[in-house]
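Listed below are the residues making up each chain.
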Amino acid sequence: MTTATPNRVRIIEERLLSADWYILKKTTFEYRCRDGRWQKQSRETYDRGNGAVLLLFNVERATVVLTRQFRFPAYVNGCADGLLIEACAGLLDGDDPQTCIRREAQEETGFVVRSPRKVLEAYMSPGSVTEKLHFFVAEYGLHDQVSAGGGDVNEGEDIEVIELTLTEALRMIATGAIQDGKTIMLLQHAALVGLETLRLPGREGLPQN
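Residues numbered from 1 in each chain as written. Predicted model: local features only at pLDDT ≥ 70, side-chain atom pairs only at ≥ 80, totals over all residues. Heavy atoms only, no water.

Moving on, we come to the pairing of strand β1 (residues 9–18). Two faces, one strand: in a regular strand the side chains alternate between the faces of the sheet. Relative to strand β2 (residues 23–32), β1 runs antiparallel, the two being bridged by eight bridges. By the bridge assignment, R10 is partnered in β2 with E30. Hairpin connection of β1 to β2: four residues between the antiparallel strands. (Pairing = 2+ DSSP bridges. Helix = DSSP H or I, 4+ residues; strand = E, 2+ residues; numbered from the N terminus.)

This part is about the nonpolar core. In terms of nonpolar packing, the biggest core is built from 27 residues, with L55, V64, L66, F135, I178, L186 and L187 touching the most fellow members. Every element with two or more residues in this core is listed here: β4 (51–58), β5 (63–70), β8 (117–123), β9 (132–139), β10 (160–165), α3 (166–175), α4 (181–193) and α5 (195–198). Take this core: its biggest share by element is four residues, from α3. The residues touching L187, leaving out its near neighbours within four places in the chain, are L55, V64, L66, L166, A169, L170, I173 and I178. One finds A52, L54, I101 and F111 within the second-largest nonpolar core, a separate group that totals 14 residues. (Core = buried A, V, L, I, M, F, W, Y, C linked by side-chain atoms within 4.5 Å. Buried < 20%, exposed > 50% of the residue type's maximum accessible area, 1.4 Å probe, protein only. Contact = heavy atoms within 4.5 Å.)

Glancing now at the pattern of salt bridges. A full pass over the atoms with the stated rule returns 17 salt bridges. In this structure, the salt-bridge partner of E131 is R48, at a minimum N-O distance of 3.0 Å. Of this pair, E131 sits in the loop between β8 and β9 while R48 is found in the loop between β3 (38–47) and β4, placing the two residues 83 residues apart along the sequence. Judged by its relative accessible area of 28%, R48 is partly exposed. The partner of E160 in a salt bridge is R68, with the nearest N and O atoms 2.8 Å apart. (Salt bridge = Lys/Arg side-chain N within 4 Å of Asp/Glu carboxyl O.)

Structural data, given as structure tokens:
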């Protein structure tokens, strides 16, 4: 296996294609292959910033809190009603990942997040999208829900809050009722290590940001 080394990319030209909602660029560059050859390539990249996602869980109830909301890209790509079941998430928008996910969780689900803990990072669609997601877990109690959630209506959000057992959520992955990638990753992580382990700081995962 060859490890990537510095100075393997030389930017030739960068063109801004769109800056309407996020940033779409076309970049022409040279890439040094493993055998030393320089190869000219061209790629489009969509930069919407980095984000954070959180799985809320309760050990005693063996439950997780998810959301259901309309996603237009899913609607135009085969999702009949466009509604996806997801873990709460959002873009950093200049905040650190922990601050972001506390804000998004309360806005979307109504839960105050007490102790978010980072478990992994991942590039979600590295072929064209620059976004990196910071994945968190946090335990909740029913007293932590301070509002009904629902998202920001000024941003067109209409979010339903859902509480499921972890077993039910995993079954919904198998049946196709849950198809969101980041949510599947967090649910599978919870199933792999167990909810009891998720509540123990320092047992697994990455350092907090």
